[in-house]
Amino acid sequence: MNKKLTEIFQKANQTLVNYPMILLTSFIMSLTVIYAIETNSSTDENFFHIKIIFCTSFGISLFFALKMLSQRISKQLLLTVIGLLFLIGYYFILPQNKDDFNEVYVFIIIPTYVLLHLLVAFIPYITTGNPEKNFWEYNKNLFVNFALTMIFTGVLTAGVELAVVSVDQLFSFHFDDKVYPEIFFLMAIFGSTFIFLLFNENGLEYLEKESTYPVVLKFFTQFILIPLLFIYVVILYFYSGKILLAWELPRGWVSYLILAYSVVGILALLLVHPLKEATTRSWVKMFSKIFYFSLIPLMILLFTAIFTRLLQYGFTEPRYFVLLLALWLSAVVLYFVFKKESSIKFIPISLFLFGLFALIFPYFNTFSVAKRSQKKELEKILIANNLLDNGKINFNKKITDSIAKQVTDKFAFLNERFEKEYLANFLTDSIKAKEEYKNGNFWNYSAFFDNVVTTSKEESTTYLNLNSKKTYYDVENYQYIISIPEYGTTEIKIKNDTFKVERISNEDIFLKISLNSKETVDLTPLIKAMFKKYHRASGDIDVDDLFIKSSLGNYEFRMSFNSLNKSNYSNKDEYNFNEGFLLIKEK
């Protein structure tokens, strides 16, 4: 027993010595998440927490990749400094507050995660003289170790959580509920990292060791993954035949299916790479030989589907990445079809280079291309619908709702990409003075266009949420404040008077307040008036404050809301609010 414990502690200590930066970044990430939970920090108050979490999560895979490279070429200190500089730089690339964090950063963060994991896959093999067999063994062992880590971490986390619950219930410790998510994230982040590194032992030398092909992996690839791919390729070929017979353009989502089939097929080929020359199932060899040839007709379908969308709507970041994946896939197909002595290292290295190009290459990166394209699309719409007067948009001109939505969608897209100065060139001073322009609520076309013709005849449900930016309420000289819950009727007794606040599920009356069951005021018209200026809008709109004022008997009152909600189905409006506060004072 003592021998086993000594062995475990030695392995743990060796892991700490071998991978200090990886463990440090995962530990900082865990502590940051726990601190955010413990202090109830919202993203509005402490967005720097989110930035630290992103950067440290990058650091886990980055420092692992650099560690593997240092074991090949030495220079560990230099590589560690480069890694730290990268993370510090990335921290300052991310926005300073939540309001500036929009979908643009999603297209920075997700590709960065992908690129860093690709870096792990090939960086020890960028030098010459490394056999492909070692490359495959290295990645296979990483894959197996990752799967084992997920299983071990899941079991360990569940066990620790159950132990804490048991102690809490049996000994009445009354632990704070926060302890459970804190344990989960500590185990899921730091615990899983430590376990993964334990499996990797001393690193590159261990990971490159030749071992028996895993039976489970062999079974999964041969009898599940590859047969499923055969089914999907048959479906795609039948769909291609249908398109040719009907002579119609392909549906947009078919591009995602082709890309999924291609990527999963390449993964399957990588998994069975050592088996294709072995005396296993003959269809494994067959699949290895014909897979890339089977992709050639599908590539034609893929590019047709992609350019159909691009010619109609122009580039956005997602469409750019779809096209980029299609181009990368074409390069992979051409490489393996025409190069006799091909190497599987080409797959992760080429994908990494394509992804890096998309993020940082001047002028042709995803963000530059998307902005230029959407500017052209906006100008095309404005010119085609004669909406420009002396270079400014005429918002008084009669326009259909579909065109108005297209224009404001382009405005919203470009505004999120910091092109407000470009957009301002199309606007008069009166439009620039609007709160919707200042707040970037461009999708609310009713706030801009004055003469919109509704052309949509479909019955659908639309939602509009007005959200107050205020996190507190001005009591002013009011004497009483009462919380109004989400449901039901609330009665309040003040001296000899009784107020009753009723929320009614009725199209005509939504909210009313009565005094001593004699006098009543209907607040519904006041609430409807708040929505009037947004009568064609949908989604969420942030406003400075949400309140209504009225009087009843010898009292004046103010009703404040966190948010007000309006839904419309078949031209019938329904109103709701989550919570309100009633402030009352005597006249």
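Fair warning: this is a prediction, and the values are worked out from it, not measured in the lab. (Residues numbered from 1 in each chain as written. Predicted model: local features only at pLDDT ≥ 70, side-chain atom pairs only at ≥ 80, totals over all residues. Heavy atoms only, no water.)

Description of the overall build of the protein chain
No. 1: Across its full length, the protein chain carries 19 helices and 16 strands.
No. 2: Principal-axis analysis of the C-alpha atoms gives the protein chain an extent of 90 × 70 × 45 Å.
No. 3: When the 587 residues of the protein chain are sorted by exposure, 45% land in the buried category.
No. 4: Long-range contacts, defined here as pairs at least 24 residues apart, represent 69% of the contacts in the protein chain between residues at least 6 apart.
No. 5: Only carbon and sulfur atoms are counted for the fraction: they give 62% of the accessible area of the protein chain, which is about 31,900 Å².
No. 6: Distance between charge centres in the protein chain, computed from 58 positive and 55 negative side chains, equals 8 Å. (Helix = DSSP H or I, 4+ residues; strand = E, 2+ residues; numbered from the N terminus. Buried < 20%, exposed > 50% of the residue type's maximum accessible area, 1.4 Å probe, protein only. Contact = heavy atoms within 4.5 Å. Areas by Shrake-Rupley, 256 points an atom, 1.4 Å probe, with all protein chains shown as cover. Lys, Arg positive; Asp, Glu negative; His and termini not counted. Charge placed at Lys NZ, Arg CZ, Asp CG, Glu CD.)

Some words on helix H7 (residues 179–200)
No. 1: Helix length check: H7, at 22 residues, gives a terminal C-alpha distance of 30 Å against a target of 32 Å (1.5 Å per residue), a fit within 8%.
No. 2: Maximum bend of H7: about 35°, positioned at Gly 191.
No. 3: Following H7 by one or two positions, Glu 201 adopts a phi angle in the positive range, close to 50°. (Expected span 1.5 Å × (residues − 1). Bend = angle between axes of the 7 residues up to and from the residue.)

Some points on the environment of Leu 228
No. 1: Along the polypeptide, Leu 228 turns up in helix H9 (residues 215–246).
No. 2: What makes Leu 228 partly exposed here is its relative accessible area of 40%.
No. 3: C-alpha of Leu 228 to C-alpha of Asn 554: the two residues are 326 residues apart in sequence and 75 Å apart in space.

Description of the nonpolar core
No. 1: Ranked by size, the top nonpolar core spans 89 residues in total, and within it Phe 64, Tyr 138 and Tyr 292 carry the most contacts.
No. 2: Broken down by element, this core gets its largest block of residues, 12 residues, from helix H12 (residues 317–338).
No. 3: Aside from chain neighbours lying at most four places away, what touches Tyr 292 is Ile 266, Leu 269, Val 332, Val 333, Phe 336, Val 337 and Ile 347.
No. 4: Counting 32 residues, the second largest nonpolar core, distinct from the first, contains Leu 523, Ile 527, Met 530 and Val 543. (Core = buried A, V, L, I, M, F, W, Y, C linked by side-chain atoms within 4.5 Å.)

As for the confidence of the model for the protein chain
No. 1: On average, residues of the protein chain score 85 in pLDDT, and 91% of them are at 70 or above.
No. 2: Mean pLDDT in the protein chain bottoms out at helix H18 (residues 435–439), which sits at 70, and peaks at helix H13 (residues 346–360), which reaches 96. (pLDDT = per-residue confidence, 0-100.)

As for a nonpolar patch on the surface
No. 1: Taken together, the side chains of Phe 219, Phe 220, Phe 223, Ile 224, Leu 228, Ile 231, Tyr 232 and Ile 235 present a nonpolar region at the surface, about 730 Å² in accessible area.
No. 2: As for its position among the elements, Phe 223 is in helix H9.
No. 3: A residue is classified by how much of its surface remains accessible, and Phe 223, at 38% relative accessible area, is partly exposed. (Patch = residues over 30% accessible without salt bridge, like charges linked within 9 Å, V, L, I, M, F, W, Y side chains within 5 Å. Salt bridge = Lys/Arg side-chain N within 4 Å of Asp/Glu carboxyl O.)

Digging into a negative patch on the surface
No. 1: Residues Asp 99, Asp 100, Asp 540 and Asp 542 make up a contiguous surface patch of negative charge.
No. 2: With respect to the helices and strands, the residue Asp 99 is situated in the loop between helix H4 (76–93) and helix H5 (103–122).

Some words on the side chain of Ser 255
No. 1: Within the secondary structure, Ser 255 sits in helix H10 (residues 254–271).
No. 2: Among the residues examined, Ser 255 registers a relative accessible area of 5% and is labelled buried.

Here's the deal with the pattern of salt bridges
No. 1: Applying the stated criterion across every chain, the model contains 15 salt bridges.
No. 2: Among the salt bridges present, the one from Asp 409 reaches Lys 405, with a minimum N-O distance of 3.0 Å. You can see Asp 409 and its partner Lys 405 sitting in helix H15 (residues 401–416), four residues apart, about one turn around the helix.
No. 3: Residue Asp 409 is classed as partly exposed on the basis of its relative accessible area of 33%.
No. 4: Between Lys 585 and Glu 556 there is a salt bridge, with the nearest N and O atoms lying 3.7 Å from each other. Within this pair, whereas Lys 585 is found in strand E16 (residues 580–586), its partner Glu 556 is found in strand E13 (residues 555–561), the two being separated by 29 residues in sequence.
No. 5: Classification of Glu 556 as partly exposed rests on a relative accessible area of 32%.
No. 6: Bridged by salt links that share partners, the residues Glu 103, Glu 317, Glu 416 and Arg 417 form one connected network.

Notes on the packing of H12 against H13
No. 1: Across the interface, H12 lies against H13 with an axial gap of 10 Å and an inter-helix angle of 150°. The angle between the axes of H12 and H13 places the two elements in the roughly antiparallel class. Once H12 is placed against H13, the crossing between them reads as right-handed. Where H12 abuts H13, its residues Tyr 320, Phe 321, Leu 324, Leu 325, Leu 327, Trp 328, Ala 331, Val 332, Tyr 335 and Phe 336 lie against Phe 346, Ile 347, Ser 350, Leu 351, Phe 354, Gly 355, Phe 357 and Ala 358. (Axes fitted to C-alpha atoms, helices over the stretch in contact; angles between N-to-C directions. Parallel < 35°, antiparallel > 145°, perpendicular 65-115°, else oblique. Left-handed = near helix turned anticlockwise from the far one by under 90°.)

Some thoughts on the sheet that holds strand E8 (residues 497–503)
No. 1: Pairing within the open sheet is antiparallel, and its four strands lie in the order E7-E8-E9-E10. Two strands bound the open sheet, and with one partner strand each, they are strand E7 (489–494) and strand E10 (519–522). Strand after strand, the sheet turns through a mean of 15° between neighbouring axes, direction not considered.
No. 2: The pairing of E7 with E8 spans six bridges and is antiparallel. The partner of Lys 493 across the bridge, within E8, is Thr 498. (Pairing = 2+ DSSP bridges.)

Some thoughts on the packing of aromatic side chains
No. 1: Scanning the entire structure with this criterion turns up 32 aromatic pairs.
No. 2: Judged by centre distance (5.4 Å) and plane angle (70°), the rings of Phe 27 and Phe 190 are edge-to-face. In this pair, Phe 27 is assigned in helix H2 (residues 20–38) and Phe 190 in helix H7, connecting sequence segments 163 residues apart.
No. 3: Judged by relative accessible area, Phe 27 falls into the partly exposed class, the value being 36%. (Phe/Tyr/Trp six-rings, centres within 6.5 Å; stacked < 30°, edge-to-face > 60°.)

Side note on the pairing of E7
No. 1: Of the two faces of E7, the one holding Thr 490, Ile 492 and Ile 494 is buried and the one holding Thr 489, Glu 491 and Lys 493 is not buried anywhere.
No. 2: Taken together, E7 and the strand that follows it, E8, pair antiparallel across an intervening segment of two residues, in which Lys 495 is found at a positive phi of about 55°.

Some thoughts on helix H19 (residues 524–532)
No. 1: Listing the buried residues of H19 in full gives Thr 524, Ile 527, Met 530 and Phe 531. On an axial view of H19, the arc spanned by its buried residues comes to 120°, and they lie on one face. (Arc of directions from axis to C-beta.)

Focus: the sheet that holds strand E12 (residues 547–552)
No. 1: Strand order in the open sheet made by the four strands is E6-E16-E13-E12, with antiparallel pairing throughout. Since the sheet does not close on itself, it has two edges, and those belong to strand E6 (480–484) and E12, each with one partner. For this sheet the average axis-to-axis angle between neighbouring strands, irrespective of direction, equals 20°.
No. 2: One ladder, built from seven bridges, connects E13 with E16; its direction is antiparallel. The residue of E16 that forms the bridge with Phe 561 is Gly 580.

A few points about the side chain of Ser 30
No. 1: Locating Ser 30 in the fold gives a position in helix H2.
No. 2: The exposure class assigned to Ser 30 is buried, which follows from its relative accessible area of 0%.
No. 3: Here Ser 26 takes part through its backbone oxygen, which lies 2.9 Å from a polar atom of the side chain of Ser 30.
No. 4: Setting aside its immediate chain neighbours within four residues, Ser 30 contacts Phe 185, Leu 186, Ile 189 and Phe 190. (Polar contact = N/O pair within 3.5 Å; in protein donor to acceptor, adjacent residues only side chain to side chain.)

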